[in-house]
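Fold and contact review
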Amino acid sequence: MMQNAVDIKNLSHYYGSYSVLKEISFSIPKGRFFIIIGPNGSGKTTLLKSISGIEKARNEKLDILGKPITEYSRRALARTIALVPQMVTIDFPFTVMELVLMGRSPYLGILGLEEEKDLEIAREAISFTGVEHLSDRKLDQLSGGERQRVFIARAICQQPSVILLDEPTASLDIAHQIKVMDLMEKLKEDKGVTVVMVSHEINLAAMYSDELLLLKDGEIVGMGLPEDVLSFEILENVYGCKLLIDESPLGKFKRITPVPGKFLDK
Amino acid sequence: MNNNKPFLLKRLTAVSFLLLILLAVAVFLGLSIGSTGGGIKNVWQALIGEKGNGSMLDTIIWRIRFPRVLSAALVGATLSLGGLVFQALLRNPLAEPYILGISGGSAIGAIIGILLGFSRFPGVSSMAFIGSIATLVLILVMSSGQMILKKESLLLSGVMVNSFCSAIIMFLISMTQDSRIHNIMFWLMGDLSMIDIGQTGVLAAMLLPAFFIIFLFSNSMNILLLGEEMAHTMGVNIRFVTITLLVLTSFMVSATVSNCGLLGFVGLVVPHLFRLLLGPDHRILVPACILGGGTYMVLCDLLSRSLPQQGEMPVGVITAMIGAPLFIYLLKRAG
């Protein structure tokens, strides 16, 4: 039987008495590119944090690779799941290599003393994300796009089965957006890693995801193949704005165009 | 390179060895120079010759200078390490026990302990510890309790807590006739001249294990710098690491404050210097700050003894004169 990467049953989450996720159930099969979309405040990030084990949900039935998340030790979970969070500022001058190497720490002793084989894995992660030329650069000397790829390299160096990304293309130009998305597709294809991404970029989601989850107010509004989820009725209802949906010039993908206010007045 | 040897060990050994030599040189200078003669050559002979032959120089070196130099090294190491730990935990390169007011809090605790008639150890030390923990909690609550603290709000609250503590210290000392705390300068500017060999021994017994435990956490500190989310998903028990380090650091700082008063900015100068020289890896920085911080304080103490024509000045004058301008420079560069 094919094991799922993530199984969630009746997951709810509250901040105080405010419920952010309402009895959500779904599964992510292994080796998929799975993208979670939805309006601001729909609970996307909270869902991602729950899967990563950062947020402990009530009545949690959350399985990672067929085993309840509560049965993982911290380090065992870190060897299974890696997270690329939204942009963080780091005021300390680590080099790219030092940062990526830290990805090895769930495999190492208390002082994290890296051996030659860990260096090898870090070098491979760095070359996988195409930032070899930046190895010795300090983090604060990188552009937004370079930075994002470096943080992805760190996550890859953790050798996870599942990689979680929280809006990795936010504030990147379109060239870097495509680079990041291509990288994730390659990670899935080459290494069989399950990719779970939260994104606001519906058009990128339409082109890259194997499966799409649409959240609104903490509930699942649509889930399945992107061409099924991205229907006119569902999207206009969820986002509450006028949209045009047609086929991408590339063929086979849907293309979503939000309609500017000035076209609605007439 | 040997294939199976962690390459970091090599670097760690080299850095520690070098700094150990520097520390030894500083300690030797500290033992050699003082108001009542000595001279490098004579002291060297006294040190390599037979100990305890009862000469005048021997007495000065072992009874007076040795405890002082040793405690200077311990205090310097503690304050540097304290700065390093606070900077990592608060993810703020400007954090430091003195600037945050934690030293001030423990000084108040110590003074109250003395006024209540407690013995120096463990009574006064425990009061100093309570004082530092109370200040720490106060600062964390004021900066909204989050560990991801804004630079500005953290520093502002620290400055306010610090001046409040200074005012309380002055108030307490002015209101009392107690001769045991008559010396305001001791508390406000720090002073190493009062310490004896017994106190130094107690200090060492408390501090050295704390140094070792902090070293064990050095890799976790590296990972904490990446932010809570990444640290969590890299297998670090953030709560455990943070609380252990904060409590240990407050403990160390209060131990030094109750023995030597307030010494400012050491925890800023030393970690910054080593971060510039050696990079931000705490597995290197922790031993470097212990050995280098010790060296720094021994040299500052030497300056405070030898600069004035007559008598000496509190060593806190020296550390503040070096540290405060550096702090302003760093603040300007960070902004």
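Right above here is the structure, for reference.
What comes next concerns the included structure. (Residues numbered from 1 in each chain as written. Chains lettered and ligands numbered in written order. Predicted model: local features only at pLDDT ≥ 70, side-chain atom pairs only at ≥ 80, totals over all residues.)

Here's the deal with the overall build of chain A
Looking only at helices and strands, one finds 9 helices and 12 strands in chain A. For 266 residues, the compact-globule estimate of 2.2 N^0.38 gives 18 Å, and chain A sits close to it at 19 Å. Along the three orthogonal principal directions, the C-alpha set of chain A runs to about 65 × 40 × 40 Å. Restricting to contacts in chain A with at least 6 residues of sequence separation, those with at least 24 account for 65%. (Helix = DSSP H or I, 4+ residues; strand = E, 2+ residues; numbered from the N terminus. Rg over C-alpha atoms; globule rule 2.2 N^0.38 Å. Contact = placed C-beta atoms within 7 Å.)

A word on the overall build of chain B
The helix and strand inventory of chain B stands at 14 helices and 0 strands. Helices (α) and strands (β) of chain B occur, in sequence order from the N terminus, as α-α-α-α-α-α-α-α-α-α-α-α-α-α. Looking at the 335 residues of chain B, the share that counts as buried comes to 49%. For chain B, restricting intrachain contacts to residue pairs at least 6 apart in sequence, the fraction spanning at least 24 positions comes to 76%. (Buried ≥ 20, exposed ≤ 12 C-beta atoms within 10 Å, placed from the backbone.)

Section: unusual backbone geometry
Of note in this structure, Ser171(A) is not a glycine but carries a positive phi near 60°. By secondary structure assignment, the location of Ser171(A) is in the loop between strand S7 (162-166) and helix H6 (174-191). With 12 C-beta atoms packed within 10 Å, Ser171(A) lands in the exposed category. A positive phi is found at Phe265(B), a non-glycine position, where the angle reads about 70°. A tally of 22 C-beta atoms within 10 Å means that Phe265(B) is categorised as buried.

A short note on the sheet that holds strand S1 (residues 4-15) of chain A
Residue and element names in this part refer to chain A. In spatial order, the strands read S2-S1-S4-S5; together these 4 strands make up an open sheet with antiparallel pairing. Across the chains shown, the open sheet's two edge strands, defined by having one partner strand only, are strand S2 (18-29) and strand S5 (67-68). Bridge count between S1 and strand S4 (residues 61-64): 4 bridges; the pairing is antiparallel. Bridging from a neighbouring strand, Lys9 pairs with Lys61 of S4. (Pairing = 2+ DSSP bridges.)

Things to note about the sheet that holds strand S6 (residues 81-84) of chain A
Residues and elements named next belong to chain A. Read from one edge to the other, the open sheet built from 6 strands follows the order S6-S7-S8-S3-S9-S10, with strand pairing classed as mixed. A strand with exactly one partner marks an edge of an open sheet, and here the two such strands are S6 and strand S10 (219-224). Direction aside, the axes of adjacent strands within the sheet are offset by 15° on average. Packed on one face of the sheet, H6 meets strand S3 (33-37), S7 and strand S8 (194-198) and runs near 155° to S8. (Axes fitted to C-alpha atoms, helices over the stretch in contact; angles between N-to-C directions.)

Points about the environment of Ser16(B)
Residue and element names in this part refer to chain B. Summarising the element assignment, Ser16 is placed in helix H1 (residues 7-32). For the pair formed by Ser16 and Phe171, sequence separation is 155 residues and the distance between their alpha carbons is 44 Å. Ignoring any residue separated from it by four or fewer positions in sequence, one finds Ser16 in contact with Pro287 and Leu291.

A few points about the packing of helix H3 (residues 56-89) of chain B against helix H11 (residues 238-260) of chain B
All names here are of chain B. Contact geometry for H3 and H11: axes closest at 9 Å, N-to-C directions at 150°. Like other packed secondary-structure pairs, H3 and H11 cross with a definite hand, here left-handed. Every residue of H11 that contacts H3 at Ser71, Val75, Thr78, Leu79, Gly82, Val85, Phe86 and Leu89 is listed here: Thr242, Leu245, Leu246, Thr249, Met252, Val253, Thr256, Asn259 and Cys260. Taken together, the residues of the contact of H3 with H11 sort by class into 10 nonpolar, 7 polar and no charged. (Left-handed = near helix turned anticlockwise from the far one by under 90°. Nonpolar A, V, L, I, M, F, W, Y, C, P; charged D, E, K, R; others polar.)

What about the interface of chain A and chain B?
With 26 residues of chain A at the interface, the matching set in chain B holds 26 residues. Broken down by secondary-structure element, the contributors of at least two residues to the side of chain A that touches chain B are helix H2 (74-80), S6 and helix H3 (96-102) of chain A. Considering only residue class, the side of chain A that touches chain B consists of 16 nonpolar, 3 polar and 7 charged.

With respect to H1(B)
A rise of 1.5 Å per residue sets the reference length of H1(B), with its 26 residues, at 38 Å; its end C-alpha atoms lie 38 Å apart and thus fit the reference within 8%. In the core, the buried residues of H1(B) are packed alongside helix H2 (40-48), H3 and helix H13 (282-306) of chain B. (Expected span 1.5 Å × (residues − 1).)

Notes on the pairing of S8(A)
When a strand is regular, its side chains alternate between the sheet's two faces. All names here are of chain A. For S8, the buried fraction is high: 5 of the 5 residues fall into the buried class. Where burial is concerned, the two faces of S8 agree: the one with Thr194, Val196 and Val198 and the one with Val195 and Met197 are both buried. Note: S3 against S8, 4 bridges, orientation parallel. Counted as the bridge partner of Phe33 is Val195 from S8. Where S7 meets S8, 5 bridges bridge the pair, whose relative direction is parallel. Counted as the bridge partner of Leu165 is Met197 from S8. Following the chain from S7 across H6 to the adjacent parallel S8, one finds a crossover that is right-handed. (Right-handed = clockwise from strand over helix to strand, strands pointing away.)

Thoughts on the packing of helix H4 (residues 116-128) of chain A against helix H5 (residues 144-157) of chain A
Residue and element names in this part refer to chain A. Taken N-terminus to C-terminus, the directions of H4 and H5 make an angle of 140°; their axes are 8 Å apart at the nearest point. By the angle class used here, H4 and H5 are oblique. Both H4 and H5 take part in a crossing whose hand is right-handed. On the side of H4, the interface is formed by Ile121, Ala122, Ala125, Ile126 and Phe128, while H5 contributes Ala153, Ile156 and Cys157. Class assignment for the residues of the contact of H4 with H5 results in 8 nonpolar, no polar and no charged. (Parallel < 35°, antiparallel > 145°, perpendicular 65-115°, else oblique.)

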